[in-house]
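Listed here are the chains, written in short residue letters.
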Amino acid sequence: SVINATNTGIGISAEALPAVFDLFEQGKVAGQRYGGLGLGLAISQAIVTAHAGTIRAESDGEGRGAKFTMELAAIDAPLKETPPETATAKPARSLRLLIVEDHDATRGVLMRLLTRCGHHVTVAVTMQEGLDAFHREAFDVLISDLGRPDGSGLDLLREIRRVRPLPAIALSGYGMEEDLQRTKQAGFFAHLVKPVDLDQLKELLAAVEIPE
């Protein structure tokens, strides 16, 4: 491929043209009036040469501009490969998930990513909304934040388990041993610390045992 760059600047004299790519070469006019170190074209040539190309300069003389021509070998673009399966690939099974989370960003991200993974997702903001959704639909797994103004995730799961068992994953900003013990005693089979690791969540959902 050939790339041409043309300017209408100070030009290059016939005397200076053969040495224009030499280190510290500035030419009589440029050196006296414009300063600089005379490195730009030398560096340009070094880069082009490193890519197995050539660069040359042409000019009709001082005050008549200059033209620079760069030639580089072109190669065919690589064939596009089929991308490997990503974290958004559909899982072996599709689960009905109830997500109860009052943090808008966390709730939105979980909903989008888990939906893209092939799960059916229902979201709720408050404990009461979560209970209403539970009584309205059948779910395979509950994913619930622990801390909310109208009742904790621990309270939510206790209310749900009075009706029927439901596998549940706790979400929390805290992961101390006592926090893990509290969620385990309440009936959660897993406790994830925010920000949630999607790969870890996917592994938990893949391994969860759904009650008959």
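It should be noted that the structure appears before, not after, this text.
Residues numbered from 1 in each chain as written. Predicted model: local features only at pLDDT ≥ 70, side-chain atom pairs only at ≥ 80, totals over all residues. Heavy atoms only, no water.

A.B. asks: I tried to follow the pattern of salt bridges on my own but got confused; where do I start?
C.D. replies: Two side chains carrying opposite charge are able to pair once their charged atoms lie near each other. Applying the stated criterion across every chain, the model contains ten salt bridges. When the shortest N-O distance is used, the salt bridge between Arg 107 and Asp 104 registers 2.7 Å. With Arg 107 and Asp 104 both in helix H3 (residues 104–116), this residue pair falls three residues apart, about one helical turn. The exposure class of Arg 107 is buried, given its relative accessible area of 14%. (Salt bridge = Lys/Arg side-chain N within 4 Å of Asp/Glu carboxyl O. Helix = DSSP H or I, 4+ residues; strand = E, 2+ residues; numbered from the N terminus. Buried < 20%, exposed > 50% of the residue type's maximum accessible area, 1.4 Å probe, protein only.)

A.B. asks: What am I meant to see in the pairing of strand S2 (residues 54–58) here?
C.D. replies: Regular strands have side chains that alternate between both faces of the sheet. Here S2 shows one buried face, formed by Ile 55 and Ala 57, and one open face, formed by Thr 54, Arg 56 and Glu 58. Here S2 runs beside strand S3 (residues 66–71); their pairing, made up of five bridges, is antiparallel. In the sheet register, Arg 56 faces S3, and the bridge partner there is Thr 69. (Pairing = 2+ DSSP bridges.)

A.B. asks: Looking at this model, I keep getting lost on the side chain of Glu 101. Mind explaining?
C.D. replies: When you line up the elements, Glu 101 lands in the loop between strand S4 (96–100) and H3. Residue Glu 101 is classed as buried on the basis of its relative accessible area of 0%. Non-local contacts of Glu 101, meaning those with residues more than four positions away in its chain, are made with Thr 106, Arg 107, Ala 124, Val 125, Asp 145, Leu 171 and Lys 194. (Contact = heavy atoms within 4.5 Å.)

A.B. asks: Mind showing me how you'd approach the pairing of S3 here?
C.D. replies: With six bridges connecting them, strand S1 (residues 2–7) and S3 associate as antiparallel partners. Directly across from Asn 4, in S3, lies its bridge partner Thr 69.

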